[in-house]
Amino acid sequence: MSSLTFHKANGKLRPLGIPCLRDRIVQRAMLMVMEPIWESDFHPVSYGFRPARSVHHAIRSTGLLLKAFFGVM
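Chemist: What am I meant to see in the environment of S2 here?
Modeler: Position of S2 relative to the elements: it lies in strand β1 (residues 2-7). Its relative accessible area of 39% is what places S2 among the partly exposed residues. Taking the C-alpha atoms as reference, S2 lies 28 Å from P51; in sequence the two are 49 residues apart. When neighbours within four sequence positions are excluded, S2 is seen to be in contact with L16, G17 and I18.

Chemist: Can you walk me through helix α1 (residues 21-41) in this structure?
Modeler: One turn of the α-helix equals 3.6 residues, which is why residues spaced by three or four share an orientation. Taking 1.5 Å per residue as the helical rise, α1 with its 21 residues ought to reach 30 Å, and the 30 Å between its terminal C-alpha atoms agrees with that figure. Helix geometry: α1 is bent most strongly at M34, by close to 35°, with proline P36 lying one to four residues after it.

Rules behind the numbers
Residues numbered from 1 in each chain as written. Predicted model: local features only at pLDDT ≥ 70, side-chain atom pairs only at ≥ 80, totals over all residues. Heavy atoms only, no water. Helix = DSSP H or I, 4+ residues; strand = E, 2+ residues; numbered from the N terminus. Buried < 20%, exposed > 50% of the residue type's maximum accessible area, 1.4 Å probe, protein only. Contact = heavy atoms within 4.5 Å. Expected span 1.5 Å × (residues − 1). Bend = angle between axes of the 7 residues up to and from the residue.

Here you go:
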């Protein structure tokens, strides 16, 4: 990992780590192994920070549930 330092407005230094290609490959490989394990732990209606799910999916799902149970929307 390559690192740089930037000057902040208050005069202090801020370190910034930039992953090299090898780091990114290892990170992606770990994600490919760990993601299926993590996904099995999530509740089916959990939408936060999950692949192929977004806030738009959550809003649509909520609207469909409201419509089904209360005739709203």
